[in-house]
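Listed below, chain by chain, are the residues.
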Amino acid sequence: MRVISGVCKGRPLKAVQGMTTRPTTDKVKESLFNIIGPYFDGGKVLDLFSGSGSLGLEALSRGMEKGVFVEKDPKALQVIKTNIQACRMEEESEVLRSDALRSIKALGGRGMRFDLIMMDPPYKIANTIPSILNAIEENQLLLEGGLIICEHGEELELPEQIGSFEKYRFEKYGITAISFFRRQDEA
């Protein structure tokens, strides 16, 4: 696992040991960023269910100016911090030890808004994605023109619309699927 492009290109990333996380493969990550970017001119990224922090770090490497990483597993938190240090992105990063819904509410209370929200929940709880999207909407975390990227198992079919968010693209990579959401009025 590595950073694929940008200022940290080629930098190796540690993975979380054990079966508690499932890192996004480099192939899926590269395809995902080719679809949404591939590069950014500033902005903020929220990486929910961060695992190793690979997705958020890729966004920072490609030009996002601030990244918030949310993870509740203590082993994964340590790996995220190690990977942030390896990429020398400490100033641009904030790590929250919390679950996704609690963090969404806290970030909304702080007035945080994001251009890109990425989530890769464990496949066994991926059916909570609609409630997470609803919480993102309620707490107004997505900026105008922003995107939400949801990685999940290919067997899960997310609705075409969740609240004011519409699924505008869906891609499959073996057992992995990615659903892309934006506000319906921005289609």
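Conventions we followed
Residues numbered from 1 in each chain as written. Predicted model: local features only at pLDDT ≥ 70, side-chain atom pairs only at ≥ 80, totals over all residues. Heavy atoms only, no water. Axes fitted to C-alpha atoms, helices over the stretch in contact; angles between N-to-C directions. Helix = DSSP H or I, 4+ residues; strand = E, 2+ residues; numbered from the N terminus. Parallel < 35°, antiparallel > 145°, perpendicular 65-115°, else oblique. Left-handed = near helix turned anticlockwise from the far one by under 90°. Contact = heavy atoms within 4.5 Å. Nonpolar A, V, L, I, M, F, W, Y, C, P; charged D, E, K, R; others polar. Pairing = 2+ DSSP bridges. Expected span 1.5 Å × (residues − 1). Buried < 20%, exposed > 50% of the residue type's maximum accessible area, 1.4 Å probe, protein only. Arc of directions from axis to C-beta.

Trainee: Describe the packing of helix H1 (residues 26–36) against helix H2 (residues 54–61), naming the residues involved and giving the relevant values.
Mentor: Each pair of packed helices gets described by two things: the angle between the helix axes and the distance between those axes. At a minimum axis distance of 11 Å, the contact between H1 and H2 shows a crossing angle of 45 degrees. In terms of orientation, H1 lies oblique with respect to H2. The element H1 and its partner H2 pack so that their crossing is right-handed. Here Lys 29, Leu 32 and Phe 33 of H1 come into contact with H2, specifically with Ser 54, Leu 55, Glu 58 and Ala 59. The class makeup of the residues in the contact of H1 with H2 is four nonpolar, one polar and two charged.

Trainee: Quick rundown of the sheet that holds strand E2 (residues 66–71)? Include the residues and the values.
Mentor: Taken together, the eight strands give an open sheet; going across it, the order is E3-E2-E1-E4-E5-E8-E7-E6, and neighbouring strands pair in mixed fashion. Each having just a single partner strand, strand E3 (93–97) and strand E6 (161–162) make up the two edges of the open sheet. Pairing geometry for strand E5 (residues 142–153) and strand E8 (residues 176–183), over six bridges, is antiparallel. Residue Glu 151 lies in a different strand from E8, and its bridge partner there is Ile 178. On the sheet, H2 packs against strand E1 (44–48), E2, E3, strand E4 (114–119) and E5 and is oriented at approximately 180 degrees with respect to E2. In the packing of helix H5 (residues 129–138) onto the sheet, the strands contacted are E1, E4, E5, E6, strand E7 (165–173) and E8, and the crossing angle to E5 comes to about 165 degrees.

Trainee: I'd like a rundown of unusual backbone geometry, residues and numbers included.
Mentor: The general pattern is negative phi for most residues beyond glycine and trans for most peptide bonds. Cis peptide bonds are those with omega within 30 degrees of zero, and the linkage from Gly 37 to Pro 38 qualifies with 5 degrees. On the secondary structure map, Pro 38 appears in the loop between H1 and E1. Phi at Phe 49 is positive, roughly 55 degrees, even though this residue is not glycine. When you line up the elements, Phe 49 lands in the loop between E1 and H2.

Trainee: Please give an account of helix H3 (residues 74–86) that cites residues and values.
Mentor: Counted at 1.5 Å a residue, the expected span for H3 with its 13 residues is 18 Å, and the 19 Å between its end C-alpha atoms agrees. All buried positions along H3 are accounted for by Ala 76, Leu 77, Val 79, Ile 80, Asn 83 and Ile 84. Each buried residue of H3 sits inside an arc of 165 degrees when the element is viewed along its axis, so together they form one side. The elements touched by buried residues of H3 are H2, E2 and E3. One or two positions beyond H3, positive phi appears at Arg 88, with a value near 55 degrees.

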